[in-house]
Amino acid sequence: MTRVEAHGTGPRGTTASCSLGVEIDGGGFVRIIDEGAPLPAHESRFFTTISDFQTAVDVHVLCGRGRKVVSVGRFLLSGIRKGRKGMPRIEIGVDVDADGIIKASARDCDTGVVMESVFPHSSLSSGDENGRGTSAVSSRVFALIRRAREESASMGKRTHAGLLAEINELIAQSYAALASKDEQRITGCRTALETLLGEMHAVRKSAGSRARRGDRHG
Amino acid sequence: MVKAESYRVLGLSPGATFEELKHAYRMLAKEYHPDSRSGKGNALAFLRVEQAYRSLVLEVKTHSHDAADAHTGRYRAAGGPRQGHREAPEADIFNLGRTLLMSRDPAARASAARRLGASGKKSSYAFLRKAFSDREERVLISAVRAVGYLQIRQSAGELGSLFLKSGTPVKREILSAIHRIGIDFGFQGIVSLGLEDPDHGVRSQAARLCRG
């Protein structure tokens, strides 16, 4: 994958603790969101393929802090239009919300296929709250609990009984962890909450795409 | 047959869940069945698989009982068998996750992945997704299988990435996981890669998934 041009700006808020971007052919790091950018942030850049008739791109999301670059995660966009190298246009978007959850997406502008992955904030190996005590992590966990409550309220009680029960249980555990003031436990609950929020996002999205399936395959 | 030997015959390690046992037994029995079309038909091997399964089935069925409860959505915190458990309830998942990501012993990592899969907790995916970069194939296979059991829908992109860089056994495990989760939840891309795979087994498994 290689970059072709820059595009897009985001709204204002708190700031990103590290820069986010993707790895390109040859191991380079292309920034999509800059360190210190206001949150929530959404930016996107256009990339293209590096070999002829390539039908899939492996998107490796990276986070950079100063000179150090760490892996956030990777995901595959498959089903891109077969063409000469450099012809397909692939838009990579990175979205960081106010809670620090990272959503990365890739879309082939020609075929319209989209793939997205939600990564927990804690996938950035050194958390930005390190050294700032438990209070910063705790306030994040409170925000995540509120969000998990709101989002689970809109989900089908019967179809997703298992997931909803797990969320309720986790919320109770998170309160217990907050009360214990044990930073490790709180951080663990934070990652678990973020992971379940990612799963709820995927569940809601697939419910939507199932309903639209008729016209998508047309 | 000694228990350890039985596990070995089935390619499992102690601590395997009932689901895993059934799966391993079915795959091997099919492969070695004297009438099998795989060309590996071998009555003696078939018999050994049969014996191994029989010697383990009772024990495994009982000890993975808790896990089966979790699958159906019942939770320990709501008054399960471990009510008197002292540790924080989420600690099980965290400890397994730590073993999965930190242990130097591949067998311990693979076993942690299996137990996360049997936990019924989708939040295990926080650890399982990180195990996708493990160097040991058996750890990858266990992690992918766990993702399938837990029916993690957000795994499509990451499983795709793993599919692209993996060998045949992991690819086939990914397709099995997709079968459990449901192809419609964003997994069509992986299946279409599977249809063009150089390996015949991967291609036919992908084709079966397409037919539904």
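Each value, and the rule that gives it
Residues numbered from 1 in each chain as written. Chains lettered and ligands numbered in written order. Predicted model: local features only at pLDDT ≥ 70, side-chain atom pairs only at ≥ 80, totals over all residues. Heavy atoms only, no water. Pairing = 2+ DSSP bridges. Helix = DSSP H or I, 4+ residues; strand = E, 2+ residues; numbered from the N terminus. Axes fitted to C-alpha atoms, helices over the stretch in contact; angles between N-to-C directions. 1 Å grid on protein atoms, 1.4 Å probe; cavity = no way out; pocket = protein on both sides within 12 Å on 5 of 7 lines; lining within 4 Å. Points joined across faces, edges and corners; volume = space filled by probe spheres on them. Contact = heavy atoms within 4.5 Å. Salt bridge = Lys/Arg side-chain N within 4 Å of Asp/Glu carboxyl O. Polar contact = N/O pair within 3.5 Å; in protein donor to acceptor, adjacent residues only side chain to side chain. Nonpolar A, V, L, I, M, F, W, Y, C, P; charged D, E, K, R; others polar.

### A word on the sheet that holds strand 8 (residues 68-78) of chain A
Residues and elements named next belong to chain A.
Logical step 1: One open sheet holds the four strands; their spatial order is 4-3-7-8, and the pairing between them is antiparallel. For this open sheet the edge positions go to strand 4 (28-33) and strand 8, each flanked by a neighbour on one side alone. Geometrically, the sheet is characterised by an average inter-axis angle of 35 degrees between neighbouring strands, direction not taken into account.
Logical step 2: By the bridge criterion, four bridges tie strand 3 (residues 19-24) to strand 7 (residues 56-65) in an arrangement that is antiparallel. The residue bridging Val22 from the neighbouring strand is Val61, located in strand 7.

### Details of the layout of surface pockets
Using a probe with the size of a water molecule, rolled over the atoms, empty space left in the structure can be pinpointed.
Residue and element names in this part refer to chain B.
Logical step 1: Roughly 1600 Å³ of internal volume is contained in the largest pocket.
Logical step 2: In terms of lining residues, the largest pocket is bounded by 44 residues, among which His23, Met27, Arg172, Ser176 and Gln205 are the most central.
Logical step 3: Where the lining of the largest pocket is concerned, the elements lending two or more residues are helix 2 (18-32), helix 6 (106-118), helix 8 (137-149), helix 10 (168-181) and helix 12 (200-211).
Logical step 4: Here the element with the most residues in the lining of the largest pocket is helix 2; it accounts for 10 residues.

### Side note on the interface of chain B and chain A
Logical step 1: Across the contact, 35 residues belong to chain B and 39 residues belong to chain A.
Logical step 2: Where chain B meets chain A, there are one salt bridge.
Logical step 3: Across the pair Glu169(A) and Lys121(B) runs a salt bridge, and its minimum N-O distance is 3.6 Å.
Logical step 4: Seen at the junction of chain B and chain A, the total is 10 residue pairs in polar contact (both at pLDDT 80 or more).
Logical step 5: Breaking the side of chain B that touches chain A down by element, the ones donating at least two residues are helix 5 (91-102), helix 7 (125-128), helix 9 (156-165) and helix 11 (188-195) of chain B.
Logical step 6: If one sorts the elements of the side of chain B that touches chain A by residue count, helix 9 of chain B sits on top with seven residues.
Logical step 7: Looking at the side of chain B that touches chain A, its residues break down into 12 nonpolar, 12 polar and 11 charged.

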